[in-house]
Amino acid sequence: MSIKVVIVGGVAAGASAAARLRRMDENAQIVMFEKGEYISYANCGLPYYVGDVIQKRNKLLVQTPKAMNRRFNIDVRVMSEVTRINAAEKKIEVKNTVSGETYEETYDKLVLCPGASPRIPDIPGINSSNVFLVRNVPDSDMIKEFISAEHPQNAVVVGAGYIGMEMAEMLMHAGMEVTVVEASSQILAPFDPEMAAIVARYLRKKGVKLKLNSTVASLEGSKRVEQALLSDGSSIPAGLVVLGMGVSPATGLAVEAGLAIGDRGAILVNEYLQTSDPDIYAAGDAIQVKDFITGQSLYLPLAGPANRQGWLVANNICGRQVRYSGAQGTSIVKILDMTAAATGKTEKYLKAQGIDYRAVHTHPASSATYYPGSTEMTIKLLFTPDEGKVLGAQIVGYDKVDKRMDVLATAIRAGMNVFDLQELELAYAPPFSSAKDPVNMTAYVAGNVVSGMMDVVSWADVPGRVAAGSFLLDVRTEAECQAGMADGAVNISVDDIRKRLDDLPRDQEILAYCRVGLRSYITCRILKQNGFNVRNISGGYLSYPDYQ
């Protein structure tokens with residue numbers, strides 16, 4: 001007798017589960033319900049469709065109901081909203097959103113992939129006709145149609161996460177002046193403040209206005225929104241408003257069915273992605289998962305994990321038991337010509353959790369510096385102080401950022417430490433890298449910290465240390481220093497250090513920096529072996545503006 005599997009929701013997790021189920025069991029009866037019109041679309045591509053980078057709408061549609069039925073023999077029912085689960089009788093209640101008809105469907109196994117709902121603030125004007133979300137294909141259609149018909153001059157993006165940043169870029173492409181309003185003190189929450197500051201500075205240079213530590217109090221206008229009134233009392237013109245404030249797990253069905261909800265507010269699942277009812281599985285943006293690095297609870301609505309979770313659910317339903325080992329949060333975003341990527345834990349998270357760590361910053365080149373087009377990137381690596389196990393990484397740059405981040409994300413998954421990273425033999429030719437890849441170079445810096453060859457300090461800690469009596473030493477050339485120095489620093493070039501040891505205090509901590517950290521590392525080695533108490537400032541003078 002064949003098994004009947006009912007899947008609630010398509011897109012990443014649901015469509016992945018359905019296709020894998022069919023590949024594993026040709027005789028299974030598979031029914032997929034989707035309350036919208038589209039079962040499988042590239043939601044991460046929606047901002048680029050709005051901005052005409054992706055011009056053909058059908059390119060976003062990964063699978064249509066007809067194509068999925070033809071290839072996989074799956075009963076796909078769109079415009080069908082599952083309104084209730086009767087777990088005791090193994091039935092669901094379904095409402096056809098076109099006809100209004102309601103009916104029941106039985107199941108042997110149920111897979112919940114309801115996704116997440118966008119956060120919408122309860123403020124005056126939020127329901128105006130020129131306020132938009134970017135969650136699905138119809139949302140994107142409405143924005144494109146509005147821009148084409150109304151030609152707005154000013155746009156306000158509420159929220160400075162990935163969607164907000166991508167939409168800011170696309171609206172700029174459409175010729176609008178863009179203001180991004182963000183409630184926190186930084187853009188891009190998956191990054192530490194000094195790394196996000198690099199992107200913020202770049203955006204401002206390109207003309208994007210950033211209103212940090214601000215919220216929208218109301219959206220005002222006669223017939224539709226004309227301006228956004230902020231919490232500080234200021235107002236900004238708004239011919240179009242896009243909400244990108246993040247999402248919340250869609251747990252309504254699960255809660256009503258009595259399924260357990262986790263401490264992160266999402267559906268609780270075990271390592272096989274079963275809910276508290278063993279015949280009901282869940283995957284995607286609605287579930288709470290395990291943090292691969294810390295083992296703690298995590299809510300992480302990302303497309304990559306959702307796809308894998310759907311695949312795993314299908315395996316487990318078909319008797320091929322595969323555990324879900326957790327998510328680490330690898331992500332990347334393109335912002336104009338800049339790329340920002342992250343994986344694992346941030347410094348702010350590690351501090352908040354009381355987890356001991358060390359951090360280094362480097363500024364390596366994307367390819368051989370003598371090869372045309374080489375650009376600089378900033379890498380931040382977080383690791384354990386004892387064995388140098390990689391805990392997290394962030395990269396901001398212009399070229400080949402994804403290549404380095406993929407290596408570091410793999411290193412975390414493999415449990416590697418900084419010494420393992422030093423040994424990696426990575427692809428090299430001048431157009432692609434230097435002989436010592438940026439990953440290798442950063443690992444050598446981190447290895448010096450773990451092995452005790454060098455002590456590091458962050459620019460964030462420098463003002464307090466200087467106020468407490470530390471000596472700030474700039475070891476760049478005099479010409480470099482004429483272009484700018486850190487407040488209170490004394491300049492002695494690295495090449496003059498040995499002959500000027502008597503000019504340095506032996507009874508004070510010395511904090512040394514150069515442009516990127518290499519010359520100051522050499523200085524630290526000289527001074528340490530001459531009996532000085534010295535630390536290298538991570539990232540050098542290039543990182544100094546990021547902490548101001």
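How each quantity is defined
Residues numbered from 1 in each chain as written. Predicted model: local features only at pLDDT ≥ 70, side-chain atom pairs only at ≥ 80, totals over all residues. Heavy atoms only, no water. Helix = DSSP H or I, 4+ residues; strand = E, 2+ residues; numbered from the N terminus. Polar contact = N/O pair within 3.5 Å; in protein donor to acceptor, adjacent residues only side chain to side chain. Phe/Tyr/Trp six-rings, centres within 6.5 Å; stacked < 30°, edge-to-face > 60°. Buried < 20%, exposed > 50% of the residue type's maximum accessible area, 1.4 Å probe, protein only. Lys NZ or Arg CZ within 6 Å of the ring centre and 35° of its normal. Pairing = 2+ DSSP bridges. Axes fitted to C-alpha atoms, helices over the stretch in contact; angles between N-to-C directions. Contact = heavy atoms within 4.5 Å.

1. A closer look at the side chain of histidine 361
Okay, step 1: Note that histidine 361 resides in strand β26 (residues 358-362).
Okay, step 2: Here tyrosine 547 takes part through its side chain, which lies 3.3 Å from a polar atom of the side chain of histidine 361.

2. Quick word on the packing of aromatic side chains
Okay, step 1: By the definition in use, this model includes 6 aromatic pairs.
Okay, step 2: Ring plane angle 15° and centroid distance 5.5 Å describe the contact between tyrosine 541 and tyrosine 544, whose orientation is recorded as stacked.
Okay, step 3: Residue classification places tyrosine 541 among the partly exposed residues on the basis of a relative accessible area of 21%.
Okay, step 4: Counting every residue linked through ring pairs, the aromatic cluster contains Trp459, Tyr513, Tyr541 and Tyr544.
Okay, step 5: The residue whose ring lies beneath lysine 345 is tyrosine 349, and the NZ or CZ to ring-centre distance is 4.2 Å.
Okay, step 6: Over the ring of tyrosine 444 we find lysine 436, and its NZ or CZ is 4.9 Å from the ring centre.

3. So, the sheet that holds strand β1 (residues 4-8)
Within a beta sheet, neighbouring strands are joined by backbone hydrogen bonds and run either parallel or antiparallel to one another.
Okay, step 1: One open sheet accounts for 5 strands, arranged β5-β2-β1-β9-β21; its pairing is parallel. What marks the edges here is a single partner per strand, and that holds for β5 (75-78) and β21 (280-282). If you compare each strand with its neighbour and ignore which way they point, the axes differ by 15° on average.
Okay, step 2: The pairing of β1 with strand β2 (residues 29-34) spans 5 bridges and is parallel. Bridge pairing in β2 links isoleucine 7 to methionine 32.
Okay, step 3: Set on the sheet, helix α8 (residues 303-317) makes contact with β1, β9 (109-112) and β21; between it and β21 the angle comes to about 160°.

4. Details of the sheet that holds strand β23 (residues 297-298)
Okay, step 1: Overall, mixed pairing links the 3 strands, which are arranged β20-β22-β23 in an open sheet. Edge positions in the sheet fall to β20 (267-268) and β23, since each has one partner strand and no second.
Okay, step 2: Relative to strand β22 (residues 287-290), β20 is paired through 2 bridges, and the arrangement is parallel. Each residue of the ladder has a partner; that of leucine 268, found in β22, is glutamine 288.

5. Describing the environment of valine 407
Okay, step 1: Looking at the secondary structure, you find valine 407 in helix α10 (residues 401-413).
Okay, step 2: For the pair valine 407 and valine 466, spaced 59 residues apart in sequence, the C-alpha to C-alpha distance is 37 Å.
Okay, step 3: With near-sequence residues (within four places) excluded, valine 407 lies in contact with Leu424, Leu426 and Val439.

6. Here's the deal with the side chain of threonine 343
Okay, step 1: By the secondary structure assignment, threonine 343 is in strand β25 (residues 338-344).
Okay, step 2: Overall, the relative accessible area of 2% leaves threonine 343 in the buried class.
Okay, step 3: A polar contact of 2.7 Å, which involves the side chain of threonine 343, links it to the side chain of threonine 330.
Okay, step 4: Beyond its immediate chain neighbours, meaning those up to four positions away, threonine 343 contacts Gln328, Gly329, Thr330, Gly392, Ala393, Met405, Leu408, Ala409 and Ile412.

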